[in-house]
Amino acid sequence: MKLLTPKLFVASTVVWTLILAISLGWNLISGKQQIMDEAYAEARANLNKDISLRRWATSHGGVYVPITETQKTIPWLSHVPNRDITSTDGTQLTLLNPATILRQTMDRYAEEYGVRGRIIGLKQLNPDNAPDEWERAQLIEFTQKRKEEVWEISEIDGVLHLRYLKAMIMEPGCDKCHAILGYKTGDVRGATGINLSLQSHLDDIRTLTLNIALTHGSIWILGFFLLLMGWR
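Residues numbered from 1 in each chain as written. Predicted model: local features only at pLDDT ≥ 70, side-chain atom pairs only at ≥ 80, totals over all residues. Heavy atoms only, no water.

Draft legend 1. Examining the pairing of strand β5 (residues 149-156) more closely. Of the strand pairs in this sheet, β5 and strand β6 (residues 159-169) are connected by eight bridges, and their pairing is antiparallel. Counted as the bridge partner of Trp 151 is Tyr 164 from β6. (Pairing = 2+ DSSP bridges. Helix = DSSP H or I, 4+ residues; strand = E, 2+ residues; numbered from the N terminus.)

Draft legend 2. The pairing of strand β3 (residues 92-96), seen in detail. Of all five residues in β3, four are buried; the element is thus mostly enclosed. The sheet contact formed by strand β1 (residues 63-66) and β3 spans four bridges and is antiparallel. Residue Pro 66 lies in a different strand from β3, and its bridge partner there is Leu 93. Here three bridges tie strand β2 (residues 84-86) to β3, and the two strands are oriented antiparallel to one another. Counterpart to Asp 84 in the pairing with β3 is Thr 94. Taking the residues that link successive antiparallel strands as the turn, the β2-β3 hairpin has five residues, and the phi of Gly 90 there is positive, at about 90°. (Buried < 20%, exposed > 50% of the residue type's maximum accessible area, 1.4 Å probe, protein only.)

Draft legend 3. Region of the structure containing the layout of surface pockets. Roughly 240 Å³ of volume is contained in the largest pocket. In this structure, the largest pocket is lined by 14 residues; those nearest its centre are Glu 148, Lys 166, Ala 167, Met 168 and Ile 169. Counting residues per element, the ones that place at least two in the lining of the largest pocket are α1 (6-59), β6 and β7 (188-197). Sorting elements by how many residues they give to the lining of the largest pocket places β6 first, with four residues. Partitioned by chemical class, the residues of the lining of the largest pocket number six nonpolar, one polar and seven charged. (1 Å grid on protein atoms, 1.4 Å probe; cavity = no way out; pocket = protein on both sides within 12 Å on 5 of 7 lines; lining within 4 Å. Points joined across faces, edges and corners; volume = space filled by probe spheres on them. Nonpolar A, V, L, I, M, F, W, Y, C, P; charged D, E, K, R; others polar.)

Draft legend 4. Structural view of the packing of α1 against helix α2 (residues 98-113). Running from N to C, α1 and α2 cross one another at 145°; their axes reach a closest spacing of 8 Å. Seen along the crossing, α1 lies across α2 with a hand that is right-handed. Residue-level inspection shows Asn 46, Lys 49, Asp 50, Leu 53, Arg 54, Ala 57 and Thr 58 of α1 in contact with α2, the latter providing Pro 98, Ile 101, Leu 102, Thr 105, Met 106 and Tyr 109. Here the residues of the contact of α1 with α2 are counted per class, giving seven nonpolar, three polar and three charged. (Axes fitted to C-alpha atoms, helices over the stretch in contact; angles between N-to-C directions. Left-handed = near helix turned anticlockwise from the far one by under 90°. Contact = heavy atoms within 4.5 Å.)

Draft legend 5. Inspection of α2 at higher detail. In a regular helix each residue adds 1.5 Å, so 16 residues correspond to 22 Å; α2 covers 22 Å between its end C-alpha atoms and thus fits that length. Listed in full, the buried residues belonging to α2 are Pro 98, Ala 99, Thr 100, Ile 101, Leu 102, Arg 103, Met 106 and Ala 110. On its buried face, α2 is in contact with α1, β1, β3, β4 (116-120), α4 (175-178) and β7. A positive backbone phi angle near 80° is found at Gly 114, which sits one or two residues after α2. (Expected span 1.5 Å × (residues − 1).)

Draft legend 6. Fine view of the sheet that holds β1. Within the open sheet, the three strands sit side by side as β1-β3-β2. Their pairing is antiparallel. Across the chains shown, the open sheet's two edge strands, defined by having one partner strand only, are β1 and β2. Averaged over neighbouring strand pairs, the angle between their axes works out to 35° when direction is ignored.

If you want it as structure tokens, here you go:
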């Protein structure tokens, strides 16, 4: 005796397929969102690290380091008193301001870990801190107090990146170097940001998609087989 009539078999197969399709869609969406949330969290953690470093350096008024072949006097700090000094043992020292410390740290971190930090401004002491077209548009929004941070997914050198910018406010201690640009405490003088490559996260999404598809396909085949046995 058949457990399922032909009509009931067809209806059961349709219902089973719909259930698996809904489960497949929900798992794909939630899995992708979880991976992207991890990317946002990684970008935010990297940016918070950079902001904390800059504030630490600002609280100390910068740091003096020996002048070497790889570390020359910072030309755009010529207006800062005591930019270059000589220690009691005759070592020539030059001042690294917070922005320079952060810039050098960002460059080294990008070389070692692949995460590119950004420190930019509409007006800059260091020419390397000039914004690109997208960053300039966001800086204008920041200076007009329309927002304080922004996220964007865009392509850089053929690779999708998660871009995160946060407004940088003039704090006590910043005047030493940046007052010459016309900024005062409380002004938005630029932004600190992160360009995080999404390549590894996209690879994770592809792997997750394949695993979920294979799992749901296997479950669907098993359920269909049981329905078929019930009919036959």
